[in-house]
Amino acid sequence: MNNAVSEQRFVERRHMIAVKNAMAAGVEAGRSVEASAFLLACIDYLDFIIGRFQAQGRANLTRLGPKVEASNDDEGRAVVADIGQTLDKTGEALQKLLAEAVPFRGNSPSRQTQDLVVAARRFVSFYDSVLASRKNPAQQIIDRYFTPEEYWKLTDDVTPASVATEHELYQRVVDLAPPGVAVPDQTSV
């Protein structure tokens, strides 16, 4: 297993959860322009990191699907189908959040901050009800068809650019957190 890739993915997952939790706290913190800037920073982070996880999930399905079919593995088919549906739902929920955030980009939001709060709250609810309940459902199926070394070689998508972007977006969330909204710094998560 590639320790650097594994560690970076672990950091990304911890940061994603921290940002989701901070966004949840942020929707309760207020409806000011500062709250809008913070929520937009959270949305930007989630867009990047969920996009990475979506790409990883789709790549897993592309690699697993043919192996599951060739083995006539009904359990594997069910897991692959479930992952595909979750990826689709997540993509839809994220795209809706991104679309609802568009009017708040730039210097003067064209809608009330309350609208952004409602959109963020809806995404947090989706995350908590759909994504938080999932604990790497593909791993048992992946382990049937790939050795750990093969899997990590196939899924090594960590680059200096991806690490730098993740760090920058997470730090922006930390920097814009309003009073009363705790976001762990880079080193404590």
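Small disclaimer: the values here were computed from a predicted structure and weren't measured. Throughout, a residue's number is its position along its own chain's written sequence, starting from 1. A pLDDT threshold of at least 70 governs which residues receive local features in this predicted model, and a stricter bar of 80 or more applies before side-chain atom pairs are shown or counted, although totals over entire chains, interfaces and linings include all residues. Note that water and hydrogens are dropped before the side-chain values are worked out from all heavy atoms of the structure.

Draft legend 1. Broad picture of the overall build of the protein. Under the DSSP-based scheme used, a helix requires at least four consecutive residues in state H or I and a strand at least two consecutive residues in state E, with every element numbered from the N terminus. The secondary structure content of the protein amounts to seven helices and zero strands. Taken from N to C terminus, the helices and strands of the protein fall in the order α-α-α-α-α-α-α. Relative to its full complement of 189 residues, the protein shows a buried share of 46%. Total accessible area computed for the protein in this model is approximately 9,700 Å², and 55% of it derives from carbon and sulfur atoms. Partly exposed describes any residue whose relative accessible area lies between the buried limit of under 20% and the exposed limit of over 50%, with all areas from a 1.4 Å probe on protein chains only and scaled to the type maximum. Shrake-Rupley sampling with a 1.4 Å probe provides the accessible areas, and residues are treated as covered by the protein chains on show and by no other component.

Draft legend 2. View of the packing of helix α3 (residues 74-101) against helix α4 (residues 113-131). Where α3 meets α4, the closest approach of the two axes is 9 Å, and the angle between their N-to-C directions is 170 degrees. Our classification of the angle between α3 and α4 gives roughly antiparallel. Counted together, Thr 86, Lys 89, Thr 90, Ala 93, Leu 94, Lys 96, Leu 97, Glu 100 and Ala 101 of α3 and Leu 116, Ala 119, Ala 120, Arg 122, Phe 123, Phe 126, Val 130 and Leu 131 of α4 form the full contact between these two elements. Residues were grouped as follows: Ala, Val, Leu, Ile, Met, Phe, Trp, Tyr, Cys and Pro as nonpolar; Asp, Glu, Lys and Arg as charged; and all remaining residues, including Gly, as polar. Classifying every residue of the contact of α3 with α4 gives eleven nonpolar, two polar and four charged. Note on method: axes are straight lines fitted to C-alpha atoms, helices fitted across the in-contact stretch only, with angles between N-to-C directions ranging 0 to 180 degrees. Working definition: roughly parallel below 35 degrees, roughly antiparallel above 145 degrees, roughly perpendicular at 65 to 115 degrees, and oblique for all remaining angles. Only heavy atoms enter the contact rule, under which two residues are in contact if any of them lie within 4.5 Å.

Draft legend 3. View of the side chain of Asp 73. In this fold, Asp 73 is placed in the loop between α2 (33-70) and α3. Any pair of nitrogen or oxygen atoms within 3.5 Å is treated as a polar contact; in protein, a donor-acceptor pairing is required on top of that, and neighbouring residues in sequence qualify only through side-chain atoms on both sides. At 2.8 Å, the side chain of Asp 73 forms a polar contact with the backbone nitrogen of Gly 76. Residues contacting Asp 73, with those up to four places away along its chain left out, are Val 68, Arg 144 and Tyr 145.

Draft legend 4. Structural context of the nonpolar core. We call a set of buried Ala, Val, Leu, Ile, Met, Phe, Trp, Tyr and Cys residues a nonpolar core when their side-chain atoms join them within 4.5 Å. In this structure, Met 23, Tyr 45 and Phe 123 are the most contacted members of the largest nonpolar core, which totals 38 residues. Listing elements by their share of this core, those giving two or more residues are α1 (3-29), α2, α3, α4 and α7 (160-176). Take this core: its biggest share by element is eleven residues, from α2. If sequence neighbours within four positions are ignored, Tyr 45 has contacts with Glu 12, His 15, Met 16, Val 19, Glu 166, Leu 169, Tyr 170 and Val 173. Membership of the second largest hydrophobic core comes to 16 residues, among which are Leu 87, Ile 142, Tyr 145 and Trp 152.

Draft legend 5. Spatial organisation of the confidence of the model for the protein. Residues with a pLDDT of 70 or more make up 89% of the protein, whose mean pLDDT is 87. Looking at any residue, its pLDDT shows the predictor's confidence there, from 0 to 100. Least confident of the elements in the protein is helix α6 (residues 148-154), whose mean pLDDT is 80; most confident is α7, at 95.

Draft legend 6. Quick look at the packing of aromatic side chains. To pair, rings of Phe, Tyr and Trp, with the six-membered ring standing in for Trp, must have centres within 6.5 Å; the planes then decide the type, stacked if under 30 degrees apart, edge-to-face if over 60, and tilted in the middle. By the definition in use, this model includes two aromatic pairs. When the ring of Tyr 45 is compared with that of Tyr 170, the centres are 5.9 Å apart and the planes differ by 70 degrees; the resulting orientation is edge-to-face. In this pair, Tyr 45 is assigned in helix α2 and Tyr 170 in helix α7, connecting sequence segments 125 residues apart. Tyr 170 gets classed as buried once you look at its relative accessible area, which sits at 0%. Look at Phe 123 and Phe 126: their rings are 6.0 Å apart centre to centre, the planes differ by 40 degrees, and that puts the pair in the tilted class. Residue Phe 123 and its partner Phe 126 are both found in helix α4; the two are separated by three residues, about one turn of the helix. Taking the relative accessible area as the measure of exposure, Phe 123 reaches 3% and is therefore buried. Taking relative accessible area as the criterion, Phe 126 reaches 15% and is therefore assigned buried.

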